[in-house]
Amino acid sequence: MPKYGVNLLLWADKFDRESVDLIPKVAEMGFDGVEIPIFDHETVDIRHTKAALRDTNLHPIGCAIMTHDRNPIHEDAAIREIGKNYLKHSIDVLAELGGDTLVGPVYSAVGALVGRGRNQQEWDWCVDILGEVADFAGQRGVTVAMEPLNRFETYFLNIVADAIKLSSAVNSPFFKIHLDTFHMNIEEKNLAQAITNAGTLLHHLHACENDRGTPGTGLVDWEEVFNALARVNYDRWLVIESFTPAVKEIAAATAIWRDIAPSAEILATEGLAFLKRMSAKHLQ
Ligand code: LER
Ligand code: MN
């Protein structure tokens, strides 16, 4: 059976001492794990986070984000190096918290669009850096799963077919694929086929509605999605990732301009109940 998580970006735009207090709340809602945005290592309070995870029995998943000044495909070698070191440091932080999965668009800065598609040089830089990062992760018992994003957030990786290519170029058992049904709904021709093609490379799933509202209330064909997850014997994380206008920085970065659910709590609890119902039906 899969495990269920929610990304803390639903309530907070950074992970600091204050957001550690969200961990018991997530546990009370019935989740098995919590996806922690490891955006700024300085703000992560390792000691309190470990204590909260231990007390609640929640499992941590790390979520990384690349920015303009830490970007594995930037033309400035110093910025590529900062991107690589940021990923390694995130892996260390996650391992210290007891986690084994680092997810997100680890290949390029989110929102960096350059008016063309990716080029071979960027691909080669990315393969080199992610290869080194995957080795580093493997030595610490961590797997990195890269997330294709829609065309408005990245030009580097939009579809599963390209994620499979990147995975085979990096060629590491510690480098896999993270899919997000919100992005897939924009980019893929067929969600079920894309999941089936990812197969055993699929390591993490953001189970998100087409409008990032409560899973099960929109256009995503969840019957098809869960049928495909069953076909590939998926038994890893199903994580709800959404954002609200109240969390201003993340809302701006993800273009959330209106309420897409009655509240963050309703989105999380009703979304979780829906995912559990779908799993019970399809994933035995
Ligand atoms: C952003 O659109 C997203 O899906 C996140 O998982 C990446 O930061
Ligand atoms: Mn996502």
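Quick notes on the rules
- Residues numbered from 1 in each chain as written.
- Chains lettered and ligands numbered in written order.
- Predicted model: local features only at pLDDT ≥ 70, side-chain atom pairs only at ≥ 80, totals over all residues.
- Heavy atoms only, no water.
- Helix = DSSP H or I, 4+ residues; strand = E, 2+ residues; numbered from the N terminus.
- Rg over C-alpha atoms; globule rule 2.2 N^0.38 Å.
- Buried < 20%, exposed > 50% of the residue type's maximum accessible area, 1.4 Å probe, protein only.
- Contact = heavy atoms within 4.5 Å.
- Core = buried A, V, L, I, M, F, W, Y, C linked by side-chain atoms within 4.5 Å.
- Axes fitted to C-alpha atoms, helices over the stretch in contact; angles between N-to-C directions.
- Parallel < 35°, antiparallel > 145°, perpendicular 65-115°, else oblique.
- Nonpolar A, V, L, I, M, F, W, Y, C, P; charged D, E, K, R; others polar.
- Donors = N, O, S within 2.8 Å, 3.2 Å for Na, K, Ca; no water.
- Tetrahedral: all angles 85-135°; square planar, octahedral: opposite > 155°, others 65-115°.
- Arc of directions from axis to C-beta.
- Polar contact = N/O pair within 3.5 Å; in protein donor to acceptor, adjacent residues only side chain to side chain.
- Salt bridge = Lys/Arg side-chain N within 4 Å of Asp/Glu carboxyl O.

### Here we look at the overall build of the protein
In step 1: Scanning the protein for helices and strands turns up 10 helices and 8 strands.
In step 2: Its C-alpha radius of gyration of 17 Å places the protein within 12% of the 19 Å reference for a compact globule of 284 residues.
In step 3: Taken across its 284 residues, the protein has 58% of its residues classed as buried.
In step 4: Within the protein, contacts between residues at least 6 apart in sequence are counted, and of these 80% link residues at least 24 apart.

### Observations regarding the nonpolar core
In step 1: In terms of nonpolar packing, the biggest core is built from 99 residues, with Trp-11, Leu-166 and Leu-229 touching the most fellow members.
In step 2: With 9 residues, the single largest contributor to this core is helix H4 (residues 120–139).

### Looking at the packing of helix H2 (residues 46–56) against helix H3 (residues 77–97)
In step 1: Between H2 and H3, whose axes approach to 9 Å, the crossing angle comes to 45°. Comparing the axis directions of H2 and H3 gives the class oblique. Residues Ile-46, Thr-49, Lys-50 and Leu-53 of H2 form the contact with H3, whose participating residues are Val-93, Glu-96 and Leu-97.
In step 2: Residues of the contact of H2 with H3, tallied by class, amount to 4 nonpolar, 1 polar and 2 charged.

### A few points about the coordination of the manganese ion (ligand 2)
In step 1: Bound to the manganese ion (ligand 2) on the protein side are Glu-147 (OE), Asp-180 (OD), His-206 (ND1) and Glu-241 (OE), at distances that span 2.1 to 2.3 Å.
In step 2: Around the manganese ion (ligand 2), the 6 donor atoms sit at angles spanning 70 to 173°, and that spread fits a shape best called octahedral.
In step 3: Spacing between the donor residues of the manganese ion (ligand 2) along the chain follows E-x32-D-x25-H-x34-E. Of this pair, His-206 sits in strand S7 (residues 202–206) while Glu-241 sits in the loop between strand S8 (237–240) and helix H9 (248–254), placing them 35 residues apart in sequence.

### Overview of helix H7 (residues 191–198)
In step 1: Along H7, the positions that sit buried rather than exposed are Leu-191, Ala-192, Ala-194, Ile-195 and Ala-198. The arc that holds every buried residue of H7, seen down its axis, measures 165°, which confines them to one face.
In step 2: Tucked into the core, H7 has its buried residues touching helix H5 (160–170), strand S6 (175–180), helix H6 (181–187), S7 and helix H8 (222–231).
In step 3: Put simply, Asn-190 is the residue that caps the front of H7, since its side-chain oxygen is 3.0 Å from the backbone nitrogen of Ala-192.
In step 4: Directly beyond the C-terminal end of H7, a positive phi value near 55° is found at Gly-199.

### Let's talk about the environment of Val-170
In step 1: Tracing the chain through its elements places Val-170 in helix H5.
In step 2: Remark: the alpha-carbon pair of Val-170 and Val-220, spanning 50 residues in sequence, is separated by 31 Å.
In step 3: Setting aside residues up to four positions removed in sequence, Val-170 forms contacts with Val-127, Leu-130, Gly-131, Ala-134 and Phe-175.

### Observations concerning the pattern of salt bridges
In step 1: The tally for this structure, following the rule as stated, stands at 14 salt bridges.
In step 2: Close ionic contact of Lys-88 with Glu-132 constitutes a salt bridge, the shortest N to O distance being 2.7 Å. Placement of the pair is Lys-88 in helix H3 and Glu-132 in helix H4, with a sequence separation of 44 residues.
In step 3: The closest approach of N and O atoms between Glu-223 and Lys-281, which form a salt bridge, is 2.7 Å. Remark: Lys-281 occurs in helix H10 (residues 264–282) and Glu-223 occurs in helix H8; sequence separation between them is 58 residues.
In step 4: Salt bridges sharing common partners tie together Glu-81, Lys-84, Lys-88 and Glu-132.

### Some points on unusual backbone geometry
If a residue is not glycine, its phi is most likely negative; likewise, a peptide bond is most likely trans.
In step 1: Of note in the backbone geometry, Asn-57 takes a positive phi value of approximately 65° without being a glycine.
In step 2: Mapped onto the fold, Asn-57 is located in the loop between H2 and strand S3 (59–63).
In step 3: Of note in this structure, Ala-255 is not a glycine but carries a positive phi near 60°.
In step 4: Structurally, the position occupied by Ala-255 is in the loop between H9 and H10.

### Some remarks on H8
In step 1: Along H8, the positions that sit buried rather than exposed are Trp-222, Val-225, Phe-226, Ala-228 and Leu-229. For H8, the buried positions fall inside an angular range of 160° around the axis, keeping them on one side.
In step 2: In this structure, the buried side of H8 is in contact with H6, H7, S7, S8 and H10.
In step 3: In the segment just after H8, Asn-233 is the residue with positive phi, at about 55°.

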